[in-house]
Amino acid sequence: MSRRDEKLKDDLERAGIAREVSQAALDVDAILQRWRRRVMKRELGRIALDELGLPLDLAQLDVLMAVRAPENEFGEQADCETTVGTVATRLAIDPSRASRISADLIRRDFVRRAVSQEDARRTVLELTETGAAMVEAVRTYKLLVLGSFLRDWTDEEVQTFLPLLERFSAWSDRAFQHSAPVASQIAELREALGGVPQEPKRDEA
């Protein structure tokens, strides 16, 4: 362990975080950073589109998935009808972007407009037969890859991993609810950076 990381552990210890927990945080962060660099490239999605020969980009695939709304991915949101606004919410993108991509998929006959069964004045989105086939092909591809990896795990390893992964995935919900010692350390960090030149603020358009 480098001297710099030991100094970091000292700082975290003053915030009430034990050194062994700090080491665990360092290890987790390193894994996440390596994973993030791969995930941000969307390697699996890109390879799936390429190997399946699908005429889509990743943004279009995301919208198709949002229209299909697999329950394991979208949970309760999967039960409601899908509008352009629903797509934007499910993917956390701007509604205008969701509208543009949806319109292109409609033009290409991968998605169609339909009348809502709940409100006849509202238009909803549905997958065409072609769109549905592409979504299921990609989902099957990805699960074949993931399933091939997990099949070497024991049942005990899987049953241990899944709840811990679910628990860890919620960490960001609490990430900014600082305890008093942590808030104090953050204030010290901010004060120590006070001499760093700040980029001039741009006028708002």
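Residues numbered from 1 in each chain as written. Predicted model: local features only at pLDDT ≥ 70, side-chain atom pairs only at ≥ 80, totals over all residues. Heavy atoms only, no water.

I'm lost on the pattern of salt bridges in this one. Help?
By the definition in use, this model includes 9 salt bridges. Across the salt bridge formed by Arg19 and Asp10, the nearest N and O atoms sit 2.7 Å from each other. A relative accessible area of 25% means that Arg19 is categorised as partly exposed. Judged by its relative accessible area of 32%, Asp10 is partly exposed. (Salt bridge = Lys/Arg side-chain N within 4 Å of Asp/Glu carboxyl O. Buried < 20%, exposed > 50% of the residue type's maximum accessible area, 1.4 Å probe, protein only.)

I'm lost on the confidence of the model for the chain in this one. Help?
Low-pLDDT stretches of the model should not have their predicted coordinates read in fine detail. The pLDDT averaged across the chain works out to 85; a share of 88% of its residues lies at or above 70. Between the elements of the chain, mean pLDDT differs from a low of 70, seen in helix H5 (residues 71-74), to a high of 97, seen in helix H7 (residues 95-107). (pLDDT = per-residue confidence, 0-100. Helix = DSSP H or I, 4+ residues; strand = E, 2+ residues; numbered from the N terminus.)

Got a minute to help me understand helix H8 (residues 129-150) in this structure?
For an α-helix, 3.6 residues make a turn, and residues three or four places apart therefore share a direction. Given a rise of 1.5 Å per residue, 22 residues ought to cover 32 Å, and the 31 Å separating the end C-alpha atoms of H8 matches this to within 8%. Regarding H8, the residues found buried are Gly131, Met134, Val135, Val138, Arg139 and Tyr141. Angularly, the buried residues of H8 cover 150° about the axis, an arc narrow enough to put them on a single face. In H8, those exposed residues whose orientation departs by more than 90 degrees from the buried face are Glu129 and Leu144. (Expected span 1.5 Å × (residues − 1). Arc of directions from axis to C-beta.)

Would you explain the nonpolar core in this entry?
The nonpolar side chains of a soluble globular protein tend to be buried with one another. Among the nonpolar cores identified, the biggest contains 25 residues, and Leu49, Leu56, Leu64, Val87, Leu105, Val111 and Val138 are the most heavily contacted of them. Of all the secondary-structure elements, those providing two or more residues to this core are helix H3 (43-52), helix H4 (58-68), helix H6 (84-91), H7, strand E2 (123-127) and H8. Considering each element in turn, this core owes the most residues, 7 residues, to H4. The residues touching Val87, leaving out its near neighbours within four places in the chain, are Val63, Ala66, Val67, Thr82, Ala98 and Leu125. (Core = buried A, V, L, I, M, F, W, Y, C linked by side-chain atoms within 4.5 Å. Contact = heavy atoms within 4.5 Å.)

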